[in-house]
Amino acid sequence: MDAAVIGGGVIGLSVAWRAARAGMNVAVVDPDPGSGASHFAAGMIAPVGEAEFGEEAVVALNRDSAARYPSFIAELELDAGRSAGYRQTGTLHVAVDGDEQIALERQFRYRRQLGLPVERLTSRETRELEPGLAPSVRGGMLVQSDHQVDPRAMVPTLLQACSRLGVQIHRSRASLLIDGGRVTGVALESGEVLEASKVVLAAGCWSGNIPGVPQDDIPPVRPVKGQILRLRGVSELIARTIRGGSVYILPRGDGRVIIGGTVEERGFDTSVTAGAVYELLREARALVPDVAELELVEASAGLRPGSPDNMPMVGDSTTEGLIVATGHYRNGYLLAPATADAVSGVLAGAPWPEATRPWAPSRFRRTAEVGA
Ligand code: GLY
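Residues numbered from 1 in each chain as written. Predicted model: local features only at pLDDT ≥ 70, side-chain atom pairs only at ≥ 80, totals over all residues. Heavy atoms only, no water.

Participant: What am I meant to see in the packing of helix H1 (residues 10-21) against helix H6 (residues 151-164) here?
Facilitator: Axes are the key here: two packed helices are described by the angle between their axes and the distance separating the axes. In the contact formed by H1 and H6, the axes pass within 9 Å of each other and the chain directions differ by 30°. As judged from the angle between their axes, H1 and H6 are roughly parallel. Crossing hand, H1 versus H6: left-handed. Where H1 approaches H6, its residues Val10, Leu13, Ser14, Ala16 and Trp17 are matched on the opposing element by Met154, Val155, Leu158, Leu159, Ala161 and Cys162. Split into classes, the residues belonging to the contact of H1 with H6 amount to ten nonpolar, one polar and no charged. (Axes fitted to C-alpha atoms, helices over the stretch in contact; angles between N-to-C directions. Helix = DSSP H or I, 4+ residues; strand = E, 2+ residues; numbered from the N terminus. Parallel < 35°, antiparallel > 145°, perpendicular 65-115°, else oblique. Left-handed = near helix turned anticlockwise from the far one by under 90°. Contact = heavy atoms within 4.5 Å. Nonpolar A, V, L, I, M, F, W, Y, C, P; charged D, E, K, R; others polar.)

Participant: Sorry if this is basic, but what is going on with unusual backbone geometry here?
Facilitator: Of all residues except glycine, most have a negative phi; of all peptide bonds, most are trans. Of note in the backbone geometry, Asn310 takes a positive phi value of approximately 65° without being a glycine. Here Asn310 shows up in the loop between strand S18 (295-306) and strand S19 (313-316). Looking at Asn310, the relative accessible area reads 27%, which means it is partly exposed. For Tyr329, which is not glycine, the phi torsion reads 50° and is therefore positive. (Buried < 20%, exposed > 50% of the residue type's maximum accessible area, 1.4 Å probe, protein only.)

Participant: Even after reading the chapter, I still don't get the site of the ligand, so can you show me in this structure?
Facilitator: Every residue lining the ligand is accounted for by Met44, Tyr248, Arg304 and Arg330. Within the side chain of Arg304, one N or O atom sits 2.7 Å away from an oxygen atom of the ligand. Take Arg330: an N or O atom from its main chain is 2.8 Å from a nitrogen atom of the ligand. (Near = heavy atom within 4 Å. Polar contact = N/O pair within 3.5 Å; in protein donor to acceptor, adjacent residues only side chain to side chain.)

Participant: Can you help me understand the pairing of strand S16 (residues 247-251) in this one?
Facilitator: The two faces of the sheet receive side chains in turn, since in a regular strand these alternate between them. Here S16 lies mainly inside the structure; five of its five residues are buried. Residue alternation in S16 divides its side chains into two sets, Val247, Ile249 and Pro251 and Tyr248 and Leu250, and both sets are buried. Examined bridge by bridge, strand S15 (residues 241-244) and S16 share three bridges and lie antiparallel to one another. Across the sheet, Arg243 pairs through a bridge with Tyr248, a residue of S16. The antiparallel pairing of S15 with S16 creates a hairpin that spans two residues between the two strands, and Gly245 there sits at a positive phi of about 55°. (Pairing = 2+ DSSP bridges.)

Participant: Would you take a moment to explain the sheet that holds S18 for this structure?
Facilitator: Sheet strands line up and pair through hydrogen bonds in the backbone, either parallel or antiparallel. If you trace the eight strands from one edge of the open sheet to the other, you get S6-S7-S5-S15-S16-S17-S14-S18, paired in mixed fashion. Edge positions in the sheet fall to strand S6 (119-122) and S18, since each of these pairs with one other strand and no more. Each adjacent strand pair in this sheet contributes to an overall mean axis angle of 20°, direction not counted. Both strand S5 (residues 91-95) and strand S7 (residues 139-143) contribute to a ladder of five bridges, which runs antiparallel. Pairing of Val94 across the sheet is with Gly140, part of S7. Across the face of the sheet, helix H4 (residues 98-113) comes into contact with S5, S6 and S7 while running at roughly 30° to S7. Seen against the sheet, helix H7 (residues 274-287) touches S5, strand S14 (222-232), S15, S16, strand S17 (256-260) and S18 and runs at an angle of roughly 55° to S14.

Participant: In this structure, what is going on with the pattern of salt bridges? I would like to understand it.
Facilitator: It is possible for side chains bearing opposite charge to pair when their charged atoms get close. Enumeration over the complete set of coordinates arrives at 27 salt bridges. A salt bridge links Glu50 to Arg243, with the shortest nitrogen-to-oxygen separation between them at 2.8 Å. Residue Glu50 is found in the loop between strand S3 (44-45) and helix H3 (56-80), and its partner Arg243 is found in strand S15; the two are separated by 193 residues along the sequence. On the basis of relative accessibility, which here comes to 11%, the residue Glu50 falls in the buried class. Here Arg243 falls in the buried class, since its relative accessible area comes to 15%. When the shortest N-O distance is used, the salt bridge between Arg256 and Asp254 registers 3.0 Å. Residue class for Asp254 comes out partly exposed when judged on its relative accessible area of 46%. Here the salt bridges share partners, and the residues they tie into one network are Arg18, Arg21, Asp64, Arg68, Glu75, Asp79 and Asp341. (Salt bridge = Lys/Arg side-chain N within 4 Å of Asp/Glu carboxyl O.)

The following block contains the structure:
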């Protein structure tokens, strides 16, 4: 086969689907595809709202990937014959007290300095746009271009597209096989060997634990826990994603609402805590009081793959044929198109795109090498 992908989350499946679409013979190896961070994520496609102070270099790449979304989704839905749940709803950031109003103003000015498309709204304009907001809302910042995709639709759609294009899905743990400094394939738990001269390491926060990966190529990825709530109601409380304090509230447009998410450094712990559920609901209710009327359907925790600088690690390793694609942290869904396009291009023989060179894993190697 042309390539094996270790990891069947949104990144691994997107890479496999794109590579198969380009005519390659591809396999994905994962004990339970789509069950990791990709299953729990909210699915925000929010390069403008998620722009952090000091991360100017990241914003352009993130926006580039967001811009690929409409065509990525159109092609994916065509191949799969089902919806991936992409909605262009926009995002409204709000402030509910004086301190938050000052912080929101700083956020607004920072984005304006970067030339990002944001609109400042008064309290009245904010509530006219979203009547479900609390009367205490002091003002808002509208990001028309920050959208969402439904992970619970996108993963099955990717799996369906992969299956229709002949991608083999192996439900197994994987070990990397190397001979003479070159990748030769992947071994499954059953002992079966998938021969491949190219292997993509896309196992999210577990990418550091795959047997056979040479010490120098183990990506410095760590789990960053995110607790998240899923609720359901009969009518729509809000039309677009609302962000305020440390929470976001995403409406799916069919009565489902997502409230997220904590950011916790607790290793591989996925327990749901009473304190986190309480805080998420308390903060969400301060923004949109009627969330308290919704049915609480699910409280869960996922593990984001964090990197030392919060940027993904996508590029070559020191082992010929081994490509790394992990560390997408809070932006796995957002960055799936840019990652899949770059990696599938390289699998087909193209060089790394200039734009994704800042993602090269070599930046974390003690003796950094030239190139991606
Ligand atoms: N992108 C939102 C989160 O990671 O919680």
